[in-house]
Amino acid sequence: MKRTAMMIMGLMFSANAFAQNIGVEDGSIRVQQCYVVTDGVQCDFLFTATKNGSKIFGVSDFDVVSPDGRSTKGTLAGLGGPGSASGYSVNLNYYAGTPIKFSIFFVMTEKPTRLAVVGVFGKPINNVPVAAKYGAAPVAAAPAPAPATVVLKSGPYNAVLSNCKAGANGTATCIATLTPSK
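What you see is a predicted model; the values in this text were computed from it and never measured.

Observations concerning the overall build of the protein
Point 1. Regarding its fold elements, the protein presents one helix and 14 strands.
Point 2. In the protein, which comprises 182 residues, the proportion classed as buried is 37%.
Point 3. Long-range pairs, those at least 24 residues apart, make up 58% of the contacts in the protein between residues at least 6 apart in sequence.
Point 4. With an accessible surface of roughly 9800 Å², the protein has 57% of that area assigned to carbon and sulfur atoms.

Encoded structure:
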């Protein structure tokens, strides 16, 4: 039971933006990587289609929110990789099951290490890490410090979590003490 409580806490503190897919017409989009470039941040996305076709993604379909709450619409778009964002839209010919990479550039004066939200057609992808440059591993943002003791009341047991230690990718490892609920 202790292991289950620790896994639940790890999931609660985890912020894996790259596992988040946004459903769109004919497929889904996910963030592959965001990284600092001259004058802003560029995010590379993968569009995976459910059928063959073509689609235009415009820069206004994408926005980011910095940790301090500033919202920025996409400025330029391109077909994947650094320096590829050069137009106002991307026209994709796509094929069922084959991911296609495209990029959106966002003008930002700050150089954030994470984005609170990357918006795709008004749907949020939360807590997206930002690498210092293309291909670099993003700096893992330190999770918010966990309280010394957390009490969870659910089901037949109450769990008291203590000695929580921050781990990789925003996770926490805690000691859980379970007592029967009354």
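Some details on the state of the cysteines
Point 1. The tally for this structure, following the rule as stated, stands at one disulfide.
Point 2. Between the sulfur of Cys-34 and that of Cys-43 lies a disulfide, 2.1 Å long from S to S. Taking the torsion about the sulfur-sulfur bond, which here is approximately 110°, the covalent link between Cys-34 and Cys-43 counts as right-handed. There is no split in this pair, since Cys-34 and Cys-43 are both buried.

Thoughts on the packing of aromatic side chains
Point 1. The full count for this structure, using the stated rule, is nine aromatic pairs.
Point 2. Seen from their ring centres, Phe-47 and Tyr-94 are 5.0 Å apart, and the 75° between their planes marks the pair as edge-to-face. With Phe-47 in strand 3 (residues 40–49) and Tyr-94 in strand 8 (residues 89–94), the pair connects residues that are 47 residues apart, well separated along the chain.
Point 3. Classification of Tyr-94 as buried rests on a relative accessible area of 1%.

Overview of the nonpolar core
Point 1. Formed by 30 residues in total, the largest nonpolar core has its most connected members in Phe-45, Phe-102, Leu-115 and Val-118.
Point 2. Mapped by element, the contributors of at least two residues to this core are strand 1 (21–24), strand 2 (27–37), strand 3, strand 5 (62–65), strand 8, strand 9 (99–107), strand 10 (114–120) and strand 11 (123–131).
Point 3. It is strand 3 that contributes the most residues to this core, five residues altogether.
Point 4. Contacts of Phe-45, omitting those with residues within four sequence positions, involve Ile-29, Arg-30, Val-31, Gln-32, Phe-62, Ile-100, Lys-101, Phe-102, Ile-104, Val-118 and Val-120.

A short note on the pattern of salt bridges
Point 1. One pass over the full model with this rule turns up four salt bridges.
Point 2. The salt bridge involving Lys-51 is made with Asp-26; its shortest N-O contact spans 3.7 Å. Of this pair, Lys-51 sits in the loop between strand 3 and strand 4 (53–58) while Asp-26 sits in the loop between strand 1 and strand 2, placing them 25 residues apart in sequence.
Point 3. With relative accessibility at 45%, the residue Lys-51 sits in the partly exposed group.
Point 4. Look at Asp-26 and you get buried, because its relative accessible area is 17%.
Point 5. With a shortest N-O distance of 2.5 Å, Asp-68 and Arg-70 are connected by a salt bridge.
Point 6. Asp-68 gets classed as partly exposed once you look at its relative accessible area, which sits at 48%.

As for the side chain of Asp-26
Point 1. Within the structure, the side chain of Asp-26 is placed 2.5 Å from the side chain of Tyr-94, a separation counted as a polar contact.
Point 2. Leaving out residues up to four positions away in the same chain, Asp-26 has contacts with Phe-47, Thr-48, Ala-49, Thr-50, Lys-51, Lys-55 and Tyr-94.

As for the environment of Gln-32
Point 1. Of note, Gln-32 is situated in strand 2.
Point 2. Between the C-alpha atom of Gln-32 and that of Lys-101, which follows or precedes it by 69 residues, the distance is 8.4 Å.

Calculation rules
Residue positions within a chain follow its written sequence, with the count starting from 1. Per-residue local features are limited, in this predicted model, to residues with pLDDT of at least 70; the limit for side-chain atom pairs, both in listing and counting, is 80 or more; totals at the level of whole chains, interfaces and linings are taken over all residues. Hydrogens are left out, water is left out, and the side-chain values use all remaining heavy atoms of the structure. Helix and strand definitions follow DSSP, with helices as H or I runs of at least four residues and strands as E runs of at least two, each counted in order from the N terminus. A 1.4 Å probe rolled over the protein chains alone gives each residue an accessible area, and that area as a share of the maximum for its type sets the label: buried under 20%, exposed over 50%, partly exposed in between. Contacts between residues were defined by any pair of non-hydrogen atoms, one from each residue, lying within 4.5 Å. All accessible areas in this document rest on Shrake-Rupley with a 1.4 Å probe, and a residue is counted as covered only by the protein chains that are shown. Defined by distance alone, a disulfide is two cysteine sulfur atoms within 2.5 Å. Each Phe, Tyr or Trp ring (for Trp, its six-membered ring) is paired with any other whose centre lies within 6.5 Å, and the angle between the two planes then decides the class: stacked below 30 degrees, edge-to-face above 60, tilted in between. Buried Ala, Val, Leu, Ile, Met, Phe, Trp, Tyr and Cys residues form a nonpolar core when they are joined through side-chain atoms within 4.5 Å. We define a salt bridge as a contact between a side-chain nitrogen of Lys or Arg and a carboxyl oxygen of Asp or Glu at a distance within 4 Å. Whenever a nitrogen or oxygen atom comes within 3.5 Å of another N or O atom, the pair is scored as a polar contact, on the condition that within protein one atom can donate a hydrogen and the other can accept it, and that pairs from neighbouring residues in sequence are kept only if both atoms are in side chains.

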